[in-house]
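Letter by letter, the chains look like this.
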Amino acid sequence: MPCHTDPMGLMRMDLEHPIINLSLLIHFTVCHSTVLFLEQAVVAFHGVEAVAGSLVADEGSVVGGNMIISIASGKGGTGKTTIAVNLALSLPKGAVQFIDCDVEEPNSHLFLTPTIRQVTSMGIPVPRIDESRCTYCGKCAQVCEYHAIAVILKNVLVIDELCHGCGACSYLCPEKAIFEVEREIGIIQTGSSNGISFVNGVLNVGEPMASPLIRKVKERIQRDKVVILDAPPGTACPVIETVKGSDFCLLVTEPTPFGVNDLELAVGMLEKLNIPKGVVVNKSDMGDREVWNYCDSKNIPILMEIPMDRKIAESYSKGIPFVIEDPSYIPRFEDLFEKIKNSIIGKSPEKE
Ligand code: SF4
Ligand code: SF4
């Protein structure tokens, strides 16, 4: 009997049809020893002498999907978005989801030029008072951690810009005198770019509530992809909101005294959040060696160094990712990704 293999899956040898087509096998999940179990089960059919099959995984799984990598920096202007975009473009098409969480100043779309397919308005629930029920007891003001409600004599003031929409006041109002209305804080755009699934959040101008929008943006995470989160700069609440839940955080810095200082702050933040981390040193041939000394002292791996390169600056100014202008950088980003992946699965990453 000839041996058959087919990308459709397992073949029943005598009828020469995939077993899935014959409804003998509807669905299965491969997990550790399940393949062997399946082979034994199929061989048990009358007339089946051997089983051959092929397993097909989506690209996200092949490159090690189901991982969330945040790209952050202690300060702006270090090349964080450049690293995030070029890393995304260096991985297999279809495997990556790119999420721009820098909702106050999103700029990754300038380099990825995504086709936007959906724009969704995003708001948070803010309280309104039913004066006919309110007894002005002041409990809502006491419970609000953000000082967004004040009760003054027979007035309840709600300061929308301070309200985080947590709902505590309406939940605890003894008179059920609080109802909620939606206040738009920004939009979420979804689309794709060159096979990369793309999401960004755009905060309304003057809106101070970045964190709730980042939370909403992160609800779009596709768990079967390699998810790259481009964080806002700094170490304030929006950055924490972005990086929390990441499997790994890549910190982009440059070798200057300011760079080291802000790197230290970012490292402190990640240590509190217990997120594994590594460093990319941008413009690595300028400044001094303090970044290397600091990383050595903290046992933080430097995973990539990018020297000053006029071609990179030129492609940035044209809005073109440098791996597209100069594909010789792609293997270096592939290597960076391997190191991150190894760190996530528990192998210590090798320093560059
Ligand atoms: S908790 Fe309710 S009843 Fe008391 S002041 Fe606030 S809105 Fe009025
Ligand atoms: S919803 Fe939360 S943040 Fe907003 S006013 Fe009520 S308690 Fe304060």
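This is a predicted model, so every value here is computed, not measured.

Asker: Which parts of the structure should I look at to understand the pairing of strand 11 (residues 248-253)?
Answerer: Every regular strand shows the same layout, with side chains that alternate between the two sheet faces. Buried residues dominate strand 11, accounting for six of its six residues. Here strand 11 shows no split at all, with Phe 248, Leu 250 and Val 252 on one side and Cys 249, Leu 251 and Thr 253 on the other all buried. Where strand 3 (residues 67-72) lies against strand 11, four bridges are found, and the strand directions are parallel. Considered in strand 11, the bridge of Ala 72 is made with Leu 251. With five bridges joining them, strand 11 and strand 12 (residues 277-282) adopt parallel strand pairing. Pairing of Val 252 across the sheet is with Val 280, part of strand 12. Handedness of the crossover joining strand 11 and strand 12 through helix 9 (residues 257-273) is recorded here as right-handed.

Asker: Even after reading the chapter, I still don't get the site of ligand 1, so can you show me in this structure?
Answerer: The local shell around ligand 1 holds 14 residues, among which Cys 134, Cys 137, Lys 139, Cys 140 and Cys 173 are the closest. For the shell around ligand 1, the class distribution of residues is ten nonpolar, two polar and two charged.

Asker: Looking at this structure, I do not really get the pairing of strand 9 (residues 196-203). What am I missing?
Answerer: The element strand 9 is extensively covered by neighbouring structure, given that eight of its eight residues are classed as buried. With burial as the criterion, each face of strand 9 is covered, one bearing Ile 196, Phe 198, Asn 200 and Val 202 and the other bearing Ser 197, Val 199, Gly 201 and Leu 203. With four bridges connecting them, strand 4 (residues 96-100) and strand 9 associate as parallel partners. Bridge pairing links Gln 97 to Ser 197 in strand 9. Two strands pair when backbone bridges link them, and strand 8 (residues 178-193) and strand 9 are joined in this way by eight bridges, in the antiparallel orientation. Each bridged residue has a counterpart across the sheet, and for Thr 190 the counterpart in strand 9 is Val 199. Following strand 8, the chain reverses through two residues before pairing antiparallel with strand 9; Asn 194 in that reversal takes a positive phi of roughly 55 degrees.

Asker: Would you mind going over the site of ligand 2 with me for this structure?
Answerer: Close to ligand 2 lie 13 residues, the nearest being Cys 144, Ala 148, Cys 163, Cys 166 and Cys 169. Of the residues assigned to the shell around ligand 2, the class counts are ten nonpolar, three polar and no charged.

Asker: What should I look at first to understand the nonpolar core in this one?
Answerer: The nonpolar side chains of a soluble globular protein tend to be buried, and buried together. Counting residues in hydrophobic clusters, the biggest one holds 79 residues, and the most contacted among them are Ile 69, Ile 71, Ala 88, Leu 213, Ile 228 and Leu 250. Counting contributing residues per domain, this core is built from domain 2 (63-122 + 186-343) and domain 3 (131-176), each supplying no fewer than three. Setting aside anything within four residues of it in sequence, one finds Ile 228 in contact with Ile 69, Ile 71, Ala 84, Leu 87, Ala 88, Val 96 and Phe 98.

Asker: Looking at this structure, I do not really get the environment of Tyr 171. What am I missing?
Answerer: Assignment of secondary structure puts Tyr 171 in helix 6 (residues 168-172). Classification of Tyr 171 by C-beta neighbours within 10 Å gives exposed; the count is 11.

Asker: How should I be thinking about helix 3 (residues 80-90) in this particular structure?
Answerer: Along an α-helix, residues three or four apart share an orientation, since each turn contains 3.6 residues. Across the eleven residues that make up helix 3, a large majority, eleven, are buried. What helix 3 keeps buried is the set Lys 80, Thr 81, Thr 82, Ile 83, Ala 84, Val 85, Asn 86, Leu 87, Ala 88, Leu 89 and Ser 90.

Asker: Just checking my understanding: could you explain the packing of helix 9 against helix 10 (residues 290-298) for this structure?
Answerer: When two helices pack together, their arrangement is given by the angle between the helix axes and the distance between those axes. Following both chains from N to C, one finds helix 9 and helix 10 inclined at 25 degrees, their axes separated by 9 Å at the closest point. Looking at the two axes, helix 9 sits roughly parallel to helix 10. Note on packing geometry: the crossing formed by helix 9 with helix 10 is right-handed. Every residue of helix 10 that contacts helix 9 at Pro 257, Gly 259, Val 260, Leu 263, Glu 264 and Val 267 is listed here: Glu 290, Val 291, Tyr 294 and Lys 298. Residue composition of the contact of helix 9 with helix 10, grouped by class: six nonpolar, one polar and three charged.

Asker: Please clarify how the sheet that holds strand 5 (residues 115-129) should be interpreted in this entry.
Answerer: Pairing between sheet strands relies on hydrogen bonds along the backbone, with the strands arranged either parallel or antiparallel. Across the sheet, nine strands lie side by side as 5-8-9-4-10-3-11-12-13; this open sheet has mixed pairing. Two strands in the sheet have a free side with no partner beyond their single neighbour: strand 5 and strand 13 (302-306). The mean angle between the axes of side-by-side strands here comes to 20 degrees, regardless of whether they run parallel or antiparallel. Against the sheet, helix 7 (residues 210-218) contacts strand 4, strand 5, strand 8 and strand 9, and its axis sits at roughly 160 degrees relative to strand 9. On the sheet, helix 9 packs against strand 3, strand 11 and strand 12 and is oriented at approximately 170 degrees with respect to strand 11.

How each quantity is defined
- Residues numbered from 1 in each chain as written.
- Chains lettered and ligands numbered in written order.
- Predicted model: local features only at pLDDT ≥ 70, side-chain atom pairs only at ≥ 80, totals over all residues.
- Buried ≥ 20, exposed ≤ 12 C-beta atoms within 10 Å, placed from the backbone.
- Helix = DSSP H or I, 4+ residues; strand = E, 2+ residues; numbered from the N terminus.
- Pairing = 2+ DSSP bridges.
- Right-handed = clockwise from strand over helix to strand, strands pointing away.
- Near = placed C-beta within 6 Å.
- Nonpolar A, V, L, I, M, F, W, Y, C, P; charged D, E, K, R; others polar.
- Core = buried A, V, L, I, M, F, W, Y, C linked by C-beta atoms within 7 Å.
- Domains from an automatic or database assignment.
- Contact = placed C-beta atoms within 7 Å.
- Axes fitted to C-alpha atoms, helices over the stretch in contact; angles between N-to-C directions.
- Parallel < 35°, antiparallel > 145°, perpendicular 65-115°, else oblique.
- Left-handed = near helix turned anticlockwise from the far one by under 90°.

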